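Each chain, written out:
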Amino acid sequence: MSEQQHRNKSGFETRAIHAGYEPDAATGAVIPPIYATSTYKQDGVGGLRGGYEYSRSANPTRTALEGNIAALEEGERGFAFASGLAAEDTLVRSLCKPGDHVVIPDDAYGGTFRLFDKVEQVWGLEHSPAPVSDVEKVAAAIQPGRTKLVWVETPTNPLLNIGDIAALADLAHAAGALLVVDNTFASPYLQQPLTLGADVVVHSTTKYCGGHSDVVGGALVVKDLGLAEKVAFHQNAMGAVAGPFDSWLTLRGLRTLAVRMDRHCDNAEKVVDFLTAHPKVGDVIYPGLETHPGHEVAQRQMKRYGGMVSFRVTDGEQHALQVCERTEVFTLGESLGGVESLIEHPGRMTHASVAGTDLEVPGDLVRLSVGIESAEDLIADLERALD
Ligand SMILES: Cc1ncc(COP(=O)(O)O)c(C=O)c1O
């Protein structure tokens, strides 16, 4: 077994720090250099050093990131892209053709819905939304023979619904389709869908993987080498790859994923306790709550329940908007998964693209990305904003 394979069998934290990269042979650099190069000197025509010929096809900094994220998801191969949506588009075109059909979450991230509804549909791919938490409804949405992908997020964005990955994988496979899991909200630290039967994991690495709100990126991880070939071909043919600087930042983020996620979870649990006791807060949506309809499944397939918390205020949309504008430690902004806490109004911000559709989210909903600041400061900030 090579040193690399040995590391891939190690604990999560060890893999996060070591998988995908050996200290540089020439210098011993323990951190992969940022290979800011578009091309590579060949030793005679076709004499590539380490397989590198052009950086759209492969770049050593990106290779390190791809190896690392594949090891964290317990997959065979990882692929890094310029954004989560670039990863999604590449995956869809790798595995589907015009005339095919996919099932998507009925509360998918707005940008994912827009991609299927406004881009892939024009290309000839049809989609049917279904609730990821209801296996029977997902089954009913499948069109045997036509459905190529069952696409789920779990937890979903922003309603934190939970899909049973093992059950959905069985369902998809029985219908001849593949199960794709967008694991952005959980991160590979809290949930590893490939080990539960999923075929492909999607990430917006912009979020918890990068973890510092300083880079936009996406990733795919697969366990089947035949699938990997198709994705590799399309990654190069479509060209929406992660650049070396972005790959380096994302890889730096992944090294501390485990410790960050534990603190995100600690703080989210404290914020949830505070919100559930607040008179101006109605539903608090967090998979860690026993009252959450997906709690039991989440308990089975997640290590902990993550840093995302959504809640509905009792005084309607205007109050929700005011709360979002009044916080000082929680920054009003889109995105999630960084060390700093963010607050947003999904209906007017991240999910504005689903307004007026069946996927529209409630106006009194507020979404928090709970960061790793002092929990007392986060709670005091929410208390001020709600009052
Ligand atoms: C669950 C989920 N998937 C995919 C994406 C798209 O990723 P990106 O913004 O990196 O393109 C996002 C972005 O917010 C997301 O929240």
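Our structure is the block above this text.
Conventions and cut-offs
Residues numbered from 1 in each chain as written. Predicted model: local features only at pLDDT ≥ 70, side-chain atom pairs only at ≥ 80, totals over all residues. Heavy atoms only, no water. Helix = DSSP H or I, 4+ residues; strand = E, 2+ residues; numbered from the N terminus. Buried < 20%, exposed > 50% of the residue type's maximum accessible area, 1.4 Å probe, protein only. Polar contact = N/O pair within 3.5 Å; in protein donor to acceptor, adjacent residues only side chain to side chain. Contact = heavy atoms within 4.5 Å. Disulfide = S-S within 2.5 Å. Near = heavy atom within 4 Å. Areas by Shrake-Rupley, 256 points an atom, 1.4 Å probe, with all protein chains shown as cover. Nonpolar A, V, L, I, M, F, W, Y, C, P; charged D, E, K, R; others polar. Pairing = 2+ DSSP bridges. Phe/Tyr/Trp six-rings, centres within 6.5 Å; stacked < 30°, edge-to-face > 60°. Lys NZ or Arg CZ within 6 Å of the ring centre and 35° of its normal. Core = buried A, V, L, I, M, F, W, Y, C linked by side-chain atoms within 4.5 Å.

Asks: Before we move on, could you go through the side chain of threonine 184 and cite the residues and values that matter?
Replies: In this structure, threonine 184 sits in the loop between strand S5 (178-182) and helix H8 (187-190). In this structure threonine 184 comes out as buried when scored by relative accessible area, which is 8%. Among the polar contacts listed, one links the side chain of threonine 184 to the backbone nitrogen of serine 204, at a separation of 2.9 Å. Excluding residues within four positions of it along the chain, threonine 184 makes contact with Val202, His203, Ser204, Lys207 and Tyr208.

Asks: Lay out the state of the cysteines with the relevant residues and their values.
Replies: Enumeration according to the criterion identifies zero disulfides in this entry. Sulfur of cysteine 209: no disulfide; nearest cysteine sulfur belongs to cysteine 265 and is 14 Å away. With a relative accessible area of 2%, cysteine 209 lands in the buried category.

Asks: Can you lay out the site of the ligand for me, pointing to particular residues and giving the numbers?
Replies: Around the ligand sit Ser83, Gly84, Leu85, Glu88, Tyr109, Asn157, Asp182, Thr184, Ser204, Thr206, Lys207 and Gly217, and that is every residue in its neighbourhood. Taking serine 204, its side chain carries an N or O atom lying 2.8 Å from an oxygen atom of the ligand. Relative to its free-state accessible area of 390 Å², the ligand is covered by the protein chains to the extent of 91%. Ranked by the residues each element gives to the shell around the ligand, the list is headed by helix H4 (residues 84-95), at three residues. A breakdown of the residues in the shell around the ligand according to their chemical character gives two nonpolar, seven polar and three charged.

Asks: Pulling in residues and values, what's your account of the environment of glycine 20?
Replies: As for its placement among the helices and strands, glycine 20 is situated in the loop between helix H2 (12-18) and helix H3 (60-72). Glycine 20 sits in the partly exposed class, given a relative accessible area of 25%.

Asks: Any details on unusual backbone geometry? Residues and values, ideally.
Replies: Generally, phi is negative for residues other than glycine and the peptide bonds are trans, each holding for most cases. With an omega of -5°, the peptide bond running from threonine 154 to proline 155 counts as cis. On the secondary structure map, proline 155 appears in the loop between strand S4 (147-153) and helix H7 (165-174). The omega torsion of the bond from asparagine 157 to proline 158 falls at 10°, within 30 degrees of zero and hence cis. Mapped onto the secondary structure, proline 158 falls in the loop between S4 and H7. Although it is not a glycine, leucine 160 sits at a positive phi angle of roughly 55°. Here leucine 160 lies in the loop between S4 and H7.

Asks: Tell me about the sheet that holds strand S10 (residues 331-332), and please be specific about residues and values.
Replies: The sheet built from five strands is open, its strands ordered S8-S9-S12-S11-S10 with mixed pairing. Edge positions in the sheet fall to strand S8 (281-285) and S10, since each has one partner strand and no second. Sheet topology note: the strand S9 (residues 308-313)/strand S12 (residues 365-369) ladder contains five bridges and is antiparallel. Directly across from valine 309, in S12, lies its bridge partner leucine 368.

Asks: So, the environment of threonine 154: which residues are in play, and what are the values?
Replies: In this structure, threonine 154 sits in the loop between S4 and H7. For the pair formed by threonine 154 and methionine 302, sequence separation is 148 residues and the distance between their alpha carbons is 9.9 Å. Leave out the neighbours within four places in its chain, and threonine 154 touches Asn161, Ile162, Gly163, Ile165, Val181, Asp182, Asn183, Ala186, Gln191 and Gln301. A polar atom in the side chain of threonine 154 sits 3.0 Å from the backbone nitrogen of glycine 163.

Asks: How would you sum up the packing of aromatic side chains? Please name residues and give values.
Replies: Aromatic ring pairs: the centre-centre distance and the angle between the two ring planes describe each pair. In the structure shown here, the tally under the stated rule is four aromatic pairs. When the ring centre of tryptophan 123 is taken as origin, the NZ or CZ atom of arginine 93, which lies over that ring, is 5.0 Å away.

Asks: Go over the nonpolar core with me, naming the residues and quoting the values.
Replies: Soluble globular proteins tend to bury their nonpolar side chains together. Counting 61 residues, the largest nonpolar core has Leu275, Val284, Val309, Phe311, Leu368 and Leu386 as the members making the most contacts within it. Examining the composition of this core, we find that nine residues originate from one element, helix H11 (residues 257-276), more than from any other. Look past the residues within four positions of leucine 386 in its chain and what remains in contact with it is Phe274, Leu275, His278, Lys280, Val281, Phe311, Val313, His319, Val323 and Arg326. Among the nonpolar cores identified, the runner-up in size contains 25 residues, and Phe81, Phe113, Phe116 and Leu359 belong to it.

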